[in-house]
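# Observations on chain architecture
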Protein chains: 2
Amino acid sequence: MSVTRRTTFAAALAAPALLAATPMPAAAQPAAARQAPGFYRFKVGTFEVTVINDGYNRRPNPAEGFIRNAEPAAVRATLEAAMLPTDHLDIPFNITVVNTGSDLILFDTGTGGLLAPTAGTMWDNLAAAGIDPAAITKIAFTHFHGDHVSGLVTREGQPRFARAELIVPEAEWAFWMGDSAPQQPATMVKGRFGAYPAERIKRIASTAEVATGVTGVATHGHTPGHTCYTIANGNASVLVLGDVTNHPAINVTNPGWHAVFDMDAAAAEATRRALFDRAAADRTLIIGYHWPFPSLGRVRRAGNGYEVVAQPWTTAL
Amino acid sequence: MSVTRRTTFAAALAAPALLAATPMPAAAQPAAARQAPGFYRFKVGTFEVTVINDGYNRRPNPAEGFIRNAEPAAVRATLEAAMLPTDHLDIPFNITVVNTGSDLILFDTGTGGLLAPTAGTMWDNLAAAGIDPAAITKIAFTHFHGDHVSGLVTREGQPRFARAELIVPEAEWAFWMGDSAPQQPATMVKGRFGAYPAERIKRIASTAEVATGVTGVATHGHTPGHTCYTIANGNASVLVLGDVTNHPAINVTNPGWHAVFDMDAAAAEATRRALFDRAAADRTLIIGYHWPFPSLGRVRRAGNGYEVVAQPWTTAL
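These numbers come from a predicted model, not from an experiment. (Residues numbered from 1 in each chain as written. Chains lettered and ligands numbered in written order. Predicted model: local features only at pLDDT ≥ 70, side-chain atom pairs only at ≥ 80, totals over all residues.)

On a plain count of helices and strands, chain A comes out with nine helices and 14 strands. Within chain A, contacts between residues at least 6 apart in sequence are counted, and of these 69% link residues at least 24 apart. (Helix = DSSP H or I, 4+ residues; strand = E, 2+ residues; numbered from the N terminus. Contact = placed C-beta atoms within 7 Å.)

As structure tokens, this is what we get:
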């Protein structure tokens, strides 16, 4: 069922010209239920950045069992204040691509269509944006959770990227390949990376420059080696946030909330507060992996935490 | 120059499949500078609503001469707080389409590419959304300012809509066709509507039901006959706001500000406050004509006015 749904969506996206060329009949009737392609493009200096949507995962009853240190009533109140439903939370996935002129760099690889029937739209959206996975020269990873590394491989376990160098934070690699990682996700991680030859995997410090204009920012806590990346060119920059926060209504609004995905919740909170204090002061442009597409905005202080001020959508490039 | 720019954009949008089928070469190089098509689709009950972007107009130096009753420093401060530039304001245009199953209704007709080199993308975006102007059965007008009626005709003055009935608020029609309207815009209005036979123009009360599930809301002030429309089906609804506000940073944040486009500024302010008080209490979903695309959200009280809470973008239909 889920495959059928995805396939239909993929087919629709793959043939936009065909659909566009088929006018509606004179009598109004429901158009094909099809959303616009989920990509958004903007410039950072001369660099071209594209955000690619990979769909979303619907978490039922987010008030229970999602935030370790918040009462269900508080979670429901925060969702209500954000004018969101309280019986579910749709958590989006957004992958960043930057074309620096000499590198075409992907940041994380999405769900690979392996995690939720409502996710896995990244490949159609890459195609709609005119980006060929075979042209990706580098993939920089923020961390190794399943929704960030699963797109490395197809459902059959074959590598999806023909030539990309895989850039992995050393601390993240060491943890998941070591003995203290939880077994099941560690097996998943090893399987995803195991499809690639070892010589294409480059371990780096979380503060390293991974390409001209692209530099890591150590943001450990969510996972032991979680790393953000700053993309900078000329006077412009954007921060690839990864999972410093989950959905904005959750822990942008409430930076002290500990979502179940934060492996070292205290460190994750300290990282979040320190990074956002600076980002709010500097008005840093941010791409949030789990923010609603196009997931691009700035944070400012609000209430006891922060709020996202979305960058206005524009055709201007 | 502006024509060339628009033509290039139009050509790019008209051939998405061609571009999508052309993978990037193995060596990274700047991709074609092309934004995703500007349409966004969602359901209101069984109705399908599509928001169509028509580009934007860049207003230079918005702190001077744009708000009649605010000091330049106050305007700059509001833009800064919204994390927008202060030396210009990009004011977007967004047109709503609803397919009710028996009618395909357009709300206003955009700039027609006649008003600014950065506007006029509506036609490409309609095509990308699979909507043929010839299939539109009705066009409901919020008011007759140039950026709402100019899309009625081509650059050569020919009608763009082969069969649509033009639904016009009686109070708006009476004003612009009467003797007290300013001459230059009245001539423009008469020219736009004059391209259509009189029998296709239907004058209605601003509270009339103009199609099953589509009802006018009298919101005079911005112009003498300004009319919003509520689209309702099942338990769902959305309000087509027209120009009750301009850009949210301007008079959603500051409902007491009088933009130069408000013809009866006091009435426009009273209308804005009354409508938003109710919309905030009811959590009414709203499409704002001059809000950043996809221009869909709710308002809540904030500071001395309101703020827009954007509806999260989703592939779910």
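All names here are of chain B. On the basis of which strands lie adjacent, the open sheet formed by seven strands has the order β1-β2-β3-β4-β5-β6-β7 and mixed pairing. With one partner strand each, in any of the chains shown, β1 (39-44) and β7 (201-204) form the two edges of the open sheet. Put simply, the sheet's adjacent strands are angled 25° from each other on average, direction ignored. Pairing of strand β6 (residues 165-169) with β7 involves four bridges; the strand directions are parallel. In the sheet register, Leu166 faces β7, and the bridge partner there is Ile201. (Pairing = 2+ DSSP bridges. Axes fitted to C-alpha atoms, helices over the stretch in contact; angles between N-to-C directions.)

A few words on helix α9 (residues 265-282) of chain B. All names here are of chain B. The first and last C-alpha atoms of α9 sit 25 Å apart over 18 residues, in line with the 26 Å expected at 1.5 Å per residue. Listed as buried for α9 are Ala268, Thr271, Arg272, Leu275 and Phe276. Buried residues in α9, looked at end-on, bunch into an arc of 115°, giving them a common side. Away from its buried face by more than 90 degrees, α9 exposes Ala266, Ala274, Arg278 and Ala281. Buried residues belonging to α9 abut α8 (248-251), β13 (296-302) and β14 (305-310). One or two residues past the end of α9 sits Arg283, with phi positive at roughly 55°. (Expected span 1.5 Å × (residues − 1). Buried ≥ 20, exposed ≤ 12 C-beta atoms within 10 Å, placed from the backbone. Arc of directions from axis to C-beta.)

All names here are of chain A. As paired elements, strand β8 (residues 209-211) and strand β9 (residues 214-218) share two bridges and run antiparallel to each other. Residue pairing in the sheet places Glu209 in a bridge with Thr215 of β9. Between β8 and β9, which pair antiparallel in sequence order, lie two residues; one of them, Gly213, sits at a positive phi of approximately 85°. Examined bridge by bridge, β9 and strand β10 (residues 227-233) share five bridges and lie antiparallel to one another. From the neighbouring strand, Ala218 faces β10, where its bridge partner is Thr227.

Cis peptide bonds are those with omega within 30 degrees of zero, and the linkage from Phe293(A) to Pro294(A) qualifies with 5°. Even without glycine at this site, Met83(A) takes up a positive phi of about 60°. Topologically, Met83(A) is positioned in the loop between α3 (72-81) and β3 (88-99). Of note in this structure, Ser295(B) is not a glycine but carries a positive phi near 60°.

Before going further, it helps to spend a moment on the confidence of the model for chain A. All names here are of chain A. In this model, chain A carries a mean pLDDT of 91, and residues with pLDDT of at least 70 account for 90%. Segment residues 1-31 is flagged for pLDDT under 50; beyond a separation of four residues in sequence, or across chains, it makes 53 contacts in the model. Interface confidence for the predicted complex, given as ipTM, is 0.89, next to a pTM of 0.90. (pLDDT = per-residue confidence, 0-100.)

Before going further, it helps to spend a moment on the environment of Ala302(A). For Ala302(A), the position within the fold is in strand β13 (residues 296-302). Separated by 50 residues in the primary sequence, Ala302(A) and Val252(A) place their C-alpha atoms 9.6 Å from one another.

For the rest of this paragraph, the subject is the sheet that holds strand β5 (residues 138-140) of chain A. Residues and elements named next belong to chain A. In spatial order, the strands read β1-β2-β3-β4-β5-β6-β7; together these seven strands make up an open sheet with mixed pairing. Strand pairing shows two members of the sheet lacking a second neighbour, β1 (39-44) and β7 (201-204), which therefore form its edges. In this sheet, neighbouring strand axes are inclined to one another by 25° on average, regardless of whether the strands run parallel or antiparallel. Sheet analysis places β3 next to strand β4 (residues 104-107), joined by four bridges and oriented antiparallel. Bridged to Thr96 within β4 is Phe107. Sheet strands touched by helix α6 (residues 170-177): β6 (165-169) and β7. Its angle to β6, the strand with the most contacts, is close to 85°.

Now for helix α7 (residues 183-194) of chain A. All names here are of chain A. Taking 1.5 Å per residue as the helical rise, α7 with its twelve residues ought to reach 16 Å, and the 16 Å between its terminal C-alpha atoms agrees with that figure. Every buried residue of α7 is listed here: Val189, Arg192 and Phe193. One side of α7 carries all its buried residues, which in axial view fall inside an arc of 90°. When the buried face of α7 is taken as reference, the exposed residues oriented beyond 90 degrees from it are Gln183 and Gln184.

Time to look at the pairing of β1(B). Two faces make up the sheet, and in a regular strand the side chains alternate between them. All names here are of chain B. With respect to burial, β1 is a largely interior element, five of its six residues being buried. As defined by bridge partners, β1 adjoins strand β2 (residues 47-60) across six bridges and the pair is classed as antiparallel. Across the sheet, Tyr40 pairs through a bridge with Val51, a residue of β2. In this structure, the hairpin formed by β1 and β2 is closed by a connection of two residues, where Gly45 is found at a positive phi of approximately 60°.

Before going further, it helps to spend a moment on the environment of Ala274(B). Mapped onto the fold, Ala274(B) is located in helix α9. Put simply, Ala274(B) and Pro185(B) are 89 residues apart on the chain and 28 Å apart in space, counted from C-alpha to C-alpha.

Residue and element names in this part refer to chain A. Secondary-structure assignment places Pro133 in the loop between α4 (122-128) and β5. Given 22 C-beta atoms within 10 Å, Pro133 falls into the buried group. The sequence separation of Pro133 and Gly225 amounts to 92 residues, and the corresponding C-alpha distance is 26 Å. Excluding its chain neighbours within four sequence positions, the residues that come into contact with Pro133 are Leu126, Arg160 and Phe161.

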